[in-house]
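As a plain string of letters, each chain reads:
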Amino acid sequence: MFDSVLVVCAGNICRSPTAEYLLKEKLAGKNISVSSAGLTALEGKPADSIAKQLAQAHGINMDSHQGRQLNSQLVAQNSVILVMEQRHLDDLHSRYPEARGKTFLLGKWLGDKEIPDPYRKSIEAFDHVYTLIDSACSAWQKYL
């Protein structure tokens, strides 16, 4: 079974932190650690304010999040890596070939759906992305 999940997006301030905190909630009680990182992370930055606001409206507090950059150590120490878009998968595999076989789209169980980046877009865009992430995390629950 899997003991650790790493969720990856670009900046690690919108999508991957949202997915990280949603998965932590959905996997509560299981012995699985969940964290997140970005391919081009805004190191030390908090989660986007709109992402935090939407999560809070669903009872999830992301105040403690700080963006961090993906690195080979994170790739090695996690048993599953979930990314938002096909280009993230391609980029991650090209940088870290050892991640092949354990890296998947977060939307894998939703027909390989990609999760678009809501950064600097409307609250409606963030809400749409939140709904997609929530559905994708729910779909992953039975496999983790």
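Residues numbered from 1 in each chain as written. Predicted model: local features only at pLDDT ≥ 70, side-chain atom pairs only at ≥ 80, totals over all residues. Heavy atoms only, no water.

### Re the nonpolar core
With 32 residues, the main nonpolar core has Val-5, Leu-23, Leu-106, Ile-133 and Leu-144 as its most contacted residues. Elements with a minimum of two residues in this core: strand S1 (4–9), helix H1 (15–26), helix H2 (49–57), strand S3 (80–83) and helix H5 (123–141). Here this core takes eight residues from H5, the largest share from any one element. Here Leu-106 is in contact with Ala-19, Leu-82, Val-83, Met-84, Ile-115, Ile-133, Ala-136, Cys-137 and Trp-140, once residues within four sequence places are set aside. Residues Val-8, Val-75, Val-83 and Ala-99 belong to the second largest nonpolar core, which totals 14 residues. (Core = buried A, V, L, I, M, F, W, Y, C linked by side-chain atoms within 4.5 Å. Buried < 20%, exposed > 50% of the residue type's maximum accessible area, 1.4 Å probe, protein only. Helix = DSSP H or I, 4+ residues; strand = E, 2+ residues; numbered from the N terminus. Contact = heavy atoms within 4.5 Å.)

### Points about the pattern of salt bridges
Applying the stated rule across the entire model yields seven salt bridges. Glu-20 serves as the salt-bridge partner of Lys-24, at 2.8 Å between the closest nitrogen and oxygen. Within this pair, Lys-24 and its partner Glu-20 are both found in helix H1, separated by four residues, close to a single helical turn. Taking relative accessible area as the criterion, Glu-20 reaches 6% and is therefore assigned buried. For Asp-91, the salt bridge is made with Arg-95, and the minimal N-O distance between the two is 3.1 Å. (Salt bridge = Lys/Arg side-chain N within 4 Å of Asp/Glu carboxyl O.)

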